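Residue-level listing of the chains:
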Amino acid sequence: MDSGGWQDVNLQEFWGDVSAEPRNRPTGTYPRSDEQETLDSPPIGDETFSFYRKLYAILVQTNRARQYELYRVDKTRVVIGRAKSDGVGIAVEDRAVSNPHCKLVVERDENGNFKHVSVEDLESENGTWVNGKLVNQAVLKDRDVLKLGETELLFIQI
């Protein structure tokens, strides 16, 4: 599978240090939920909320018109699909992608520590592919390539 030349891209230079912790960030106890887990983040509804949310991974679109588009995986469950809707957190412009198509799930160990990110196909019409293999569910590793329809997404684990 042609990966579109992403190996040659200096990703750090491309988007800067997206995993850097902001300075002088507020601390305290804030509400948490499975869908919007945060670490010392501002309360829900604050306009800077998404900036402070824990970053688990980044998806980089490596083909098509929106080449090198960046998508943050900063929730414990993220649904990927064709159109942004109530259940879809990451929308890709591709008619071959179902809505919803698949979901990314952050897995934790028995102590609540980050373990890994997995992808689950949501009975999509064209399937979910990881590194050229059709999968129903798979554990993702850094630099794995997800293919949904004609869209390729590079998985970068932070």
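Residues numbered from 1 in each chain as written. Predicted model: local features only at pLDDT ≥ 70, side-chain atom pairs only at ≥ 80, totals over all residues. Heavy atoms only, no water.

Undergrad: Break down the pairing of strand 11 (residues 151-157) for me, with residues and values.
TA: A regular strand places its side chains so that they alternate between the two faces of the sheet. With six of seven residues buried, strand 11 lies mostly within the body of the structure. Strand direction decides the pairing type here: strand 1 (residues 57-61) and strand 11, joined by five bridges, are antiparallel. What sits directly across from Leu59, in strand 11, is Phe155. Between strand 10 (residues 145-148) and strand 11, which pair antiparallel and follow one another directly, the connecting turn spans two residues, one of which, Gly149, has a positive phi of 60 degrees. (Buried < 20%, exposed > 50% of the residue type's maximum accessible area, 1.4 Å probe, protein only. Helix = DSSP H or I, 4+ residues; strand = E, 2+ residues; numbered from the N terminus. Pairing = 2+ DSSP bridges.)

Undergrad: Requested: an account of unusual backbone geometry, with residues and values cited.
TA: Asn99 connects to Pro100 through a cis peptide bond whose omega is 0 degrees. Residue placement: Pro100 occurs in the loop between strand 4 (90-91) and strand 5 (102-108). Phi at Asn131 takes a positive value of approximately 50 degrees, unusual for a residue other than glycine. Structurally, Asn131 can be placed in the loop between strand 7 (128-130) and strand 8 (133-135).

Undergrad: Just give me the short version of the pattern of salt bridges, but keep the residues and values in it.
TA: Side chains that differ in sign of charge can pair as their charged atoms come close. For the structure on display, the rule yields one salt bridge. In this structure, the salt-bridge partner of Arg72 is Asp74, at a minimum N-O distance of 3.6 Å. (Salt bridge = Lys/Arg side-chain N within 4 Å of Asp/Glu carboxyl O.)

Undergrad: Which residues make up the environment of Leu134, and what are the values?
TA: Relative to the elements of secondary structure, Leu134 occurs in strand 8. In the structure, Leu134 is positioned 13 residues away from Asp121 in sequence and 9.6 Å away in space, judged by C-alpha atoms. Once residues within four sequence positions are removed from consideration, Leu134 is found in contact with Gly127, Thr128 and Trp129. (Contact = heavy atoms within 4.5 Å.)

Undergrad: Give a detailed account of the packing of aromatic side chains, specifying residues and quantitative values.
TA: Under the counting rule described, the total for this entry stands at one aromatic pair. Measuring from ring centre to ring centre gives 6.0 Å for Tyr56 and Phe114, while their planes differ by 20 degrees; the resulting arrangement is stacked. Highlighted residues: Tyr56 in the loop between helix 2 (49-52) and strand 1 and Phe114 in strand 6 (residues 114-121), separated in sequence by 58 residues. (Phe/Tyr/Trp six-rings, centres within 6.5 Å; stacked < 30°, edge-to-face > 60°.)

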